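Analysis of the macromolecular model
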Amino acid sequence: MNGKDFYKVLGVSKTSSDEEIKKAYRQLAKKYHPDVNQGDKAAEEKFKEVSEAYETLSDKKKRQEYDLMSSMGGFAGGGYRPEGNYQYTTYGPGSQGFDFSTYTREGGKGGGFEDLGDIFGDIFGMGGFSKKKGKGFRPGPATRGANRIYTMEIDFLDAVRGASTKINIERGGKVEKIQVKIPAGVDQGSKVRLAGKGEPSPDHGPAGDLFIEIKVRPHPYFTRVGDDIHLHVPISLEEAVNGAKIEVPTIEGKIKMTIPTGTQGGQKFRLKGKGVPHRAGSGLGDQIVMTDIHLPKHLDKEAKKLIEELEKTHPYNPRDGAF
């Protein structure tokens with residue numbers, strides 16, 4: 001230090017309180033910390049300087065000794081050195097050059113280094129100095145990066161079957177292309193978690209997670225109810241009366257199904273295992289087919305007469321028991 005004024009180093013006065021000195025040091029330590037200024041030797045030296053100044057002025061006994069020597073005309077050409085031998089070493093994951101987690105004291109009694117650990121814990125989310133003999137700074141858990149939520153709109157069939165796609169995400173100020181695998185069976189509002197793809201940690205800790213929130217576009221004719229697929233199928237009057245084999249779509253393609261004789265409008269038929277894959281466990285939902293009887297839009301007089309005769313020979317009221 002070579003005779004530098006520790007009060008000027010921290011930007012405080014000789015009458016400043018302990019709290020004012022601590023506040024000034026917190027600001028300077030955060031500004032000049034080597035993890036914030038990687039590769040900047042000037043910042044590294046400044047960090048050492050303010051740390052040593054705080055180590056002295058934060059300890060009541062050392063501050064009194066320092067003030068006394070200062071009033072007697074300085075330090076005989078050398079800097080004030082509190083008890084003990086101080087050294088700076090490189091230590092800790094992600095560190096380049098000096099790291100505050102290795103600012104250690106060997107020898108000496110008491111001192112403010114344990115307080116330094118508390119300050120760094122507040123600023124950077126790290127642990128404090130160990131109070132055990134022979135131990136230096138003991139780093140605690142680093143700050144975890146923030147989680148991110150990304151909303152993705154996908155097709156109905158991609159939600160049912162699963163899909164793989166790429167998205168562009170801004171992470172740590174850079175745009176990154178990320179591969180996203182959509183598992184089969186996701187639904188509206190489902191979230192897909194991509195571990196470690198959120199925001200980077202500010203102090204070399206683990207990154208946050210990225211959550212893909214799913215929005216599903218409606219399908220032209222399929223609807224989803226739980227893990228079942230519902231489908232309305234139009235049939236003719238003749239098919240309803242006499243029965244038929246018809247072709248119906250499923251999520252895996254078209255299949256043949258039987259319409260029994262005398263099928264009613266709105267009658268439901270279940271196609272086992274033709275629904276959505278269960279996300280919780282194995283197996284599939286079903287497809288529910290509902291029949292809608294469609295009559296011709298235009299009937300001539302002869303057709304209408306035939307229907308009237310049918311009503312006369314087979315009278316019935318379709319609303320009986322309905323209400």
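Coordinates for the structure precede this section.
A brief structural summary.

Rules used throughout
Residues numbered from 1 in each chain as written. Predicted model: local features only at pLDDT ≥ 70, side-chain atom pairs only at ≥ 80, totals over all residues. Heavy atoms only, no water. Patch = residues over 30% accessible without salt bridge, like charges linked within 9 Å, V, L, I, M, F, W, Y side chains within 5 Å. Areas by Shrake-Rupley, 256 points an atom, 1.4 Å probe, with all protein chains shown as cover. Salt bridge = Lys/Arg side-chain N within 4 Å of Asp/Glu carboxyl O. Helix = DSSP H or I, 4+ residues; strand = E, 2+ residues; numbered from the N terminus. Buried < 20%, exposed > 50% of the residue type's maximum accessible area, 1.4 Å probe, protein only. Pairing = 2+ DSSP bridges.

Details of a nonpolar patch on the surface
Residues Leu237, Val241, Ile293 and Leu295 make up a contiguous nonpolar surface patch of about 320 Å² in total accessible area. Checked against the element boundaries, Leu237 lands in helix α7 (residues 237-242).

Observations concerning the pairing of strand β7 (residues 210-216)
Each regular strand shows side chains that alternate between the opposite faces of the sheet. By the alternation rule, side chains of β7 split into Leu210, Ile212, Ile214 and Val216, which are all buried, and Phe211, Glu213 and Lys215, of which none is buried. Sheet topology places strand β3 (residues 148-154) next to β7; seven bridges connect them, and they run parallel. Bridged to Met152 within β7 is Ile214. Pairing between strand β6 (residues 191-194) and β7: four bridges, direction antiparallel. Paired with Lys191 across the bridge in β7 is Glu213.

Focus: unusual backbone geometry
We note that His204 has phi near 70 degrees; this positive angle belongs to a residue other than glycine. On the secondary structure map, His204 appears in the loop between β6 and β7.

Some thoughts on the pairing of strand β10 (residues 244-250)
In this structure, β10 lies alongside strand β11 (residues 253-259), joined through seven bridges in antiparallel fashion. Pairing of Thr250 across the sheet is with Gly253, part of β11. The antiparallel pairing of β10 with β11 creates a hairpin that spans two residues between the two strands.

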